[in-house]
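# A structural walkthrough
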Amino acid sequence: MAHSLRVVALFRGINNGRAKRVAMADLRTVIEGLGYRDARTLLNSGNVFFTTTSAAAAKAAPRIEKAVAAAVGISSRVTLLSAAEVTAIVKANPLVDIADNPSRLFVTIFTEPSVRARIKPLQATTWDPDVLAIGRHAAYVWCPAGIHQSKLAKEIARLSGDSVTTRNWATIQKIEVLLDKTT
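This section reports on the structure supplied with the text. (Residues numbered from 1 in each chain as written. Predicted model: local features only at pLDDT ≥ 70, side-chain atom pairs only at ≥ 80, totals over all residues. Heavy atoms only, no water.)

## Considerations on the overall build of the protein
Short version of the rule: Helix and strand definitions here come from DSSP, where helices need a minimum of 4 consecutive H or I residues and strands a minimum of 2 consecutive E residues; each element is numbered from the N-terminal end. In this description the radius of gyration comes from C-alpha coordinates, and the expected globular size is given by 2.2 Å times residues to the power 0.38. When accessible area is computed with a 1.4 Å probe and restricted to protein chains, residues below 20% of their type maximum are described as buried, those above 50% as exposed, and intermediate ones as partly exposed.
Secondary structure summary: the protein contains six helices and eight strands in total. Written out in order from the N terminus, the α and β elements of the protein read β-α-β-β-α-β-α-β-α-β-β-α-β-α. Against the compact-globule benchmark of 16 Å for 183 residues, the protein has a radius of gyration of 16 Å, which places it among compact chains. In terms of overall dimensions, the protein has a C-alpha envelope of 45 × 35 × 30 Å along the principal axes. Taking all 183 residues of the protein together, 45% fall into the buried category.

## Overview of unusual backbone geometry
One can expect most non-glycine residues to show negative phi and most peptide bonds to be in trans. Cis rather than trans, the peptide bond between Asp128 and Pro129 has omega equal to 10°. For Pro129, the position within the fold is in the loop between α4 (114-119) and β6 (131-134). Residue Asn15 is not a glycine yet carries a positive backbone phi of 55°. Position of Asn15 among the secondary structure elements: in the loop between β1 (4-11) and α1 (24-33). Even without glycine at this site, Leu43 takes up a positive phi of about 60°. Mapped onto the secondary structure, Leu43 falls in the loop between β2 (37-42) and β3 (47-53).

## What to know about the sheet that holds strand β5 (residues 105-110)
Rule in force here: A strand pair is defined by DSSP finding two or more bridges across the two strands. Note on method: axes are straight lines fitted to C-alpha atoms, helices fitted across the in-contact stretch only, with angles between N-to-C directions ranging 0 to 180 degrees.
Pairing is antiparallel in the open sheet, where four strands are placed in the order β6-β7-β5-β8. Edge positions in the open sheet fall to β6 and β8 (164-168), since each of these has one partner strand only. Mean inter-strand twist for the sheet, computed between neighbouring axes without regard to direction, equals 20°. Sheet topology note: the β6/strand β7 (residues 138-142) ladder contains four bridges and is antiparallel.

## A closer look at the sheet that holds strand β4 (residues 78-82)
What counts here: Any two residues whose heavy atoms approach within 4.5 Å at even a single point are treated as in contact.
Sheet architecture is open: four strands sit in the order β2-β3-β1-β4, paired in antiparallel fashion. With partners counted over all chains shown, the strands left at the sheet margins are β2 and β4, one partner each. Strand after strand, the sheet turns through a mean of 30° between neighbouring axes, direction not considered. Both β1 and β3 contribute to a ladder of seven bridges, which runs antiparallel. Looking at the pairing, Val8 lines up with Phe49 of β3. Sheet strands touched by helix α2 (residues 54-72): β1, β3 and β4. Its angle to β3, the strand with the most contacts, is close to 135°. With respect to the sheet, helix α3 (residues 83-91) is in contact with β1 and β4, its orientation differing from that of β4 by roughly 90°.

## Focus: helix α5 (residues 151-160)
Here is the rule we go by: Here the arc refers to the directions that run from the helix axis out to each C-beta atom. The definition of a polar contact used here is a pair of N or O atoms within 3.5 Å, where within protein one atom must be able to donate a hydrogen and the other to accept one, and adjacent residues in sequence count solely through side-chain atom pairs.
Listed in full, the buried residues belonging to α5 are Leu152, Ala153, Ile156 and Ser160. Burial along α5 is one-sided: seen end-on, the buried residues are contained in an arc of 100°. Exposed residues pointing more than 90 degrees away from the buried face of α5 are listed as Lys151, Lys154 and Arg158. Elements that come into contact with the buried residues of α5 comprise β5, α4, β6, β7 and β8. In this structure Ser150 caps α5, since a side-chain oxygen of it lies 3.3 Å from the backbone nitrogen of Leu152. Among the residues trailing α5, Gly161 stands out with phi positive, at a value near 60°.

So this is what it looks like as structure tokens:
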């Protein structure tokens, strides 16, 4: 029998500026309409927590993508993470000691494992003042001048397309705490 699993669905590009505007209440409604339980959102950037079974979790992301597109007319890639996966991403961050502003330290989570190989060559270049570290499931990008000024962040986006989703460190820490409280 499958056991309950608390997960977070990270929507790519939701409510970034004027693009892909979606009310968080609409995302919760869609998630619960698919039979997932206890939907809750964090911030206005497409972070939706819910409970599913471990067996159903493997198929949840594409189901959610299709349902959201049908319900609100917005296409957005979804990355689904468990508490253990988020904790592993947090623990693997080698840049926490150099980043002094959590809103300018970014975690780019790989939706597809092939992204890691595509962006790995970027480590051979100096991106001063930006810094890149690549982990197993995510890239860690320190952008002291901000992500919009970062040539490194733009190059990662070019190479990865929609196969990643990015959150700042402050948001990742909130996600970890919320997943930990509900598991």
